[in-house]
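Observations on the three-dimensional arrangement
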Amino acid sequence: MSGGDPFVFQSDPYDVIDSVLAPWARKHGIQVAKLDRECNVRSVWVFDRLGNRRAQMWLDLPNAQGDVTVIASALDPSSPTKWGQREERRATLSTLESVLEELRPMIFDWSGPGAFT
């Protein structure tokens, strides 16, 4: 039989950065999504005070050393399927927290007063 067993647990590729991401998120009361359509992800949606999605920050797949690209983007206010402003930073495991701290105010600013995750 070829192929992998669909019932065998595969490790989460984001485990290498969760030791930095999880405490950072807890410190700020930020909800981090870990699964999207059965795929491992690390993503933060920010909503305006009315509950509309306004911005997102996500982390690309990290390498084994924890090097990762962090992307923050605002949704285009004219269309819920288009992206507006965008910022992207490369981080190492040792710089990840400072990169997250740098991008956090941007996604909340893009979402307006009363924004939440």
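Throughout what follows, the structure given in this document is the object of discussion. (Residues numbered from 1 in each chain as written. Predicted model: local features only at pLDDT ≥ 70, side-chain atom pairs only at ≥ 80, totals over all residues. Heavy atoms only, no water.)

With the rule as written, the count across this model stands at nine salt bridges. For R89, the salt bridge goes to E87, with nearest N and O atoms at 2.9 Å. The class for E87 is partly exposed, based on a relative accessible area of 28%. When salt bridges that share partners are traced, they join K27, E97, E101 and R104 into one network. (Salt bridge = Lys/Arg side-chain N within 4 Å of Asp/Glu carboxyl O. Buried < 20%, exposed > 50% of the residue type's maximum accessible area, 1.4 Å probe, protein only.)

Quick look at the sheet that holds strand β2 (residues 39-47) now. The strand order across the open sheet built from five strands is β1-β2-β3-β4-β5, with neighbouring strands paired in antiparallel fashion. Only two strands of the sheet have a single neighbouring strand rather than two, namely β1 (33-36) and β5 (83-91). Going from strand to strand, the sheet's axes swing by 30° on average, the running direction of each strand aside. As paired elements, β2 and strand β3 (residues 53-59) share five bridges and run antiparallel to each other. In the sheet register, W45 faces β3, and the bridge partner there is Q56. Seen against the sheet, helix α2 (residues 96-111) touches β2, β3, β4 (68-75) and β5 and runs at an angle of roughly 170° to β5. (Pairing = 2+ DSSP bridges. Helix = DSSP H or I, 4+ residues; strand = E, 2+ residues; numbered from the N terminus. Axes fitted to C-alpha atoms, helices over the stretch in contact; angles between N-to-C directions. Contact = heavy atoms within 4.5 Å.)

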